[in-house]
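Read off the chains here:
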Amino acid sequence: MNVVAAQMMIEPAVEVAAERAVWLAARRDLRLGLRSRAELVQALMFLVIVVSLFPLAVGPESALLKRIAPGVVWVAALLSVLLTLPRMFAADYADGTLEQLVMSPYPLPLIAAGKMLAHWLMSGLPLTLIAPLLGLQFGLEANELVVLVAGLMLGTPILSMIGAIGAALTLGVRGGSILMALLVLPLYVPVLIFGSGAVEQAMTSIDYSANLSLLGAGLLFGALAIPFAVASALRISLD
Amino acid sequence: MNLYKFSSPVTFYPLAGKMWPWFATLAGVFAVAGLYLGLFVAPVDYQQGEVYRILYIHVPASVIGMFIYLVMAGYGVLALTLNTRLSAMMMEALAPTGALLTVLALWTGSLWGRPTWGTYWVWDARITSTLLLVFLYVGYLALIHAIEDKRRADKAGALLVIVSSINVPIIYFSVKWWNTLHQGSSVSLAGNAIASPAMRWGLLLMTLACWMYAIAMTLVRVRAIISEREQGAAWLEGNKV
Amino acid sequence: MTLSVTGLTLSRGPRQLFANLSFTLMAGQALVLRGANGSGKTTLLRVLAGLTAADGGELRWNGEHWKALCAGQRAASLYLGHANALKDELTAAENLAESLAFDGVAVPDSVQRQSLDGMGLANRHHLPARRLSQGQKRRVGLARLALARKPLWLLDEPTNALDSEGVALFSRVVAEHLHQGGMACIASHLPLDIAAPVHELVLGEAPA
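What counts, and at which threshold
Residues numbered from 1 in each chain as written. Chains lettered and ligands numbered in written order. Predicted model: local features only at pLDDT ≥ 70, side-chain atom pairs only at ≥ 80, totals over all residues. Helix = DSSP H or I, 4+ residues; strand = E, 2+ residues; numbered from the N terminus. Rg over C-alpha atoms; globule rule 2.2 N^0.38 Å. Contact = placed C-beta atoms within 7 Å. Pairing = 2+ DSSP bridges. Nonpolar A, V, L, I, M, F, W, Y, C, P; charged D, E, K, R; others polar. Axes fitted to C-alpha atoms, helices over the stretch in contact; angles between N-to-C directions. Core = buried A, V, L, I, M, F, W, Y, C linked by C-beta atoms within 7 Å. Buried ≥ 20, exposed ≤ 12 C-beta atoms within 10 Å, placed from the backbone.

Scanning chain C from N- to C-terminus turns up 6 helices and 9 strands. In terms of C-alpha radius of gyration, chain C reaches 17 Å, essentially the compact-globule figure of 17 Å for 208 residues. Projected onto its principal axes, the C-alpha positions of chain C cover 50 × 35 × 30 Å. Residue pairs in contact within chain C that sit at least 24 positions apart in sequence constitute 70% of those at least 6 positions apart.

Here it is as structure tokens:
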């Protein structure tokens, strides 16, 4: 066989369209996630249960519950997202597919972005959609619920992204989940403050737009910068 | 002078061995001078009485604790970009001192709070941010000790500190904002105008003392880390200073 | 095409795995890595793949310097480690499609199906990977190897779970790849019977 032609047959014909990576990775994780639907539902149930614990703990007095509602819903949302974070990389790390993703000619930051997007769609988004129901249980008004949802809509993707860094750094480490929580929770604090603060400001009829703008800015900045940090963390963990 | 010469653990080890006693001495000298000024010369605060003097430990500890984290972030950048082992070792050496000083800041803050406002803990912006900084230190230490492969631990720790340190100003800003929203404690721990020069000098000297102490401790610790990691290496055996 | 390794040095803790290791692999050649357990076969493959960084030394592809996981390295290499790299929840066919998608090659479904059939997985396309045997999972990997069109293959104990028929398949696939001008670096403690020029590198011994 003509050697030159033979070589051309296996020259890597990889003209990858980089943006496709996000879609490929997101679609993959979504498909995998939907095949283990039970897990997704469990995370939502966790949120509902945790939120319900608070009235049981502090008593049913409606004024008090209304006051603590933003904080309770936000903290519970944070913890729910935290619980689902290992799913982003741990299974792939264990069965060897993470290495394959890292070795893909597609840019790793974009693959990571796709995974973070899928994670948000399966954890952050459902809890954002369920939050109004929980807010109602605590006596929040319609306009306050809107601010709650808006804040969660902007904030939960940030939680997925920051969490991804923690998840990527602690792959395969013993005691990984708790360690990841320890690393990630302090970094969650600003999101918590702005998100829950916005609702409180709505409750006292102060202008809350600054908080939401800050969350939006955080989301933009995070979306641009964090995929690179996650890619770096993944390579470090596979070393 | 070729600074790169000292970026190898091999050459840094003896250098650190010679340097740390000087820094320890400086720390001692500054501490004595600072404490003398702060405890004996500076006037009594008319509102808080003698108690306020705890400020001379609280503020330097807090400032240096924060400063160390930024230095760690700097070493983290070096560790990831230049891939120098020593940078990662310096980070590992700095962290416990930084954590200790930050905890000391919290503790002294708490001791101050009790006689002054009646509670051991006050959720003001600075103390809360300091608390979060403790968590960041603990997180870093937990991470590098949980990962068994040293190379991976070094790089992971470096990335963590870099990412966290970008977050530190954001955390500080958000906590400050949170504090003003909630109209919590409106008393700032160092709110009183630092009027007298003795007070200013006292604070400055104590801050320098903390800084020298931190350097000395870090140099001692990095020698221990180098010696642990390079165990068995020939250069170390013949060179134990 | 040439892969050249010069002066590779790597230590894992106190043990030095490679000291100044150098070799060159040309198109159509295979390098088989042999050595006792723990001698560094897997580590060497991972260094060639870019997953692990060496302490010193150089890696070059067609004269061009390769830094760990650079674009060129990822585009040219296909690494199959100990793990099967299959998702349990996906079927054999879906796993193959996903792997090829991330390899950046567009292979028509019919060709993928044919390949799976050729690997002896004719009635198994729609089984989720968790229901495949180890040998069958390895065969899905073989199908990927055959279709992905990557020049450099880095294989870690590829025949491990394969039966004799599977081993024959593997040898055929590798031979075909080498004849087409590809190259392979294979770590194996089992004898390999490949109809093509094969060089051996034994790790864990001091150079003669």
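Moving on, there is more to tell.
A separate point is the pairing of strand S2 (residues 15–26) of chain C. All names here are of chain C. Bridge analysis of strand S1 (residues 2–12) against S2 gives 8 bridges, and the strand direction is antiparallel. Residue Val-5 lies in a different strand from S2, and its bridge partner there is Phe-23. Counting the residues in the hairpin turn of S1 and S2 gives 2 residues, including Gly-13, whose phi is positive at 65°.

The interface is formed by 25 residues belonging to chain B together with 21 residues belonging to chain A. Broken down by secondary-structure element, the contributors of at least two residues to the side of chain B that touches chain A are helix H4 (125–146) and helix H5 (150–181) of chain B. If one sorts the elements of the side of chain B that touches chain A by residue count, H5 of chain B sits on top with 16 residues. In terms of residue class, the side of chain B that touches chain A is built from 18 nonpolar, 4 polar and 3 charged.

Okay, the sheet that holds strand S3 (residues 30–34) of chain C next. Residue and element names in this part refer to chain C. Spatial strand order, S6-S7-S8-S3-S9: 5 strands in an open sheet with parallel pairing. Of all strands in the sheet, those with a lone pairing partner are strand S6 (77–80) and strand S9 (198–202), marking the two edges. Across the sheet, the axes of successive neighbouring strands diverge by a mean angle of 15°, strand direction being ignored. Pairing of S3 with strand S8 (residues 183–187), which is carried by 4 bridges, proceeds in the parallel orientation. By the bridge assignment for S8, Leu-31 is matched with Cys-185. Helix H6 (residues 164–179) rests against S3, strand S7 (152–156) and S8 of the sheet, and its axis sits at about 145° to S8.

This paragraph deals with the nonpolar core. Membership of the largest hydrophobic core comes to 211 residues, with the highest contact counts inside it found for Val-73, Ile-165, Ala-168 and Val-230 of chain A, Met-91 and Leu-159 of chain B together with Leu-154 of chain C. Ranked by residues supplied to this core, first place goes to helix H6 (residues 197–229) of chain B with 16 residues.

For S1 of chain C and strand S4 (residues 56–61) of chain C, the ladder comprises 5 bridges, and the chain directions are antiparallel. If you follow Leu-3 of chain C over to S4 of chain C, its bridge partner there is Trp-61 of chain C.

Attention now goes to the sheet that holds S2 of chain C. The strand order S2-S1-S4-S5 (chain C) describes an open sheet built from 4 strands, whose pairing is antiparallel. Each end of this open sheet is capped by a strand with a single partner; those strands are S2 and strand S5 (64–65) of chain C.

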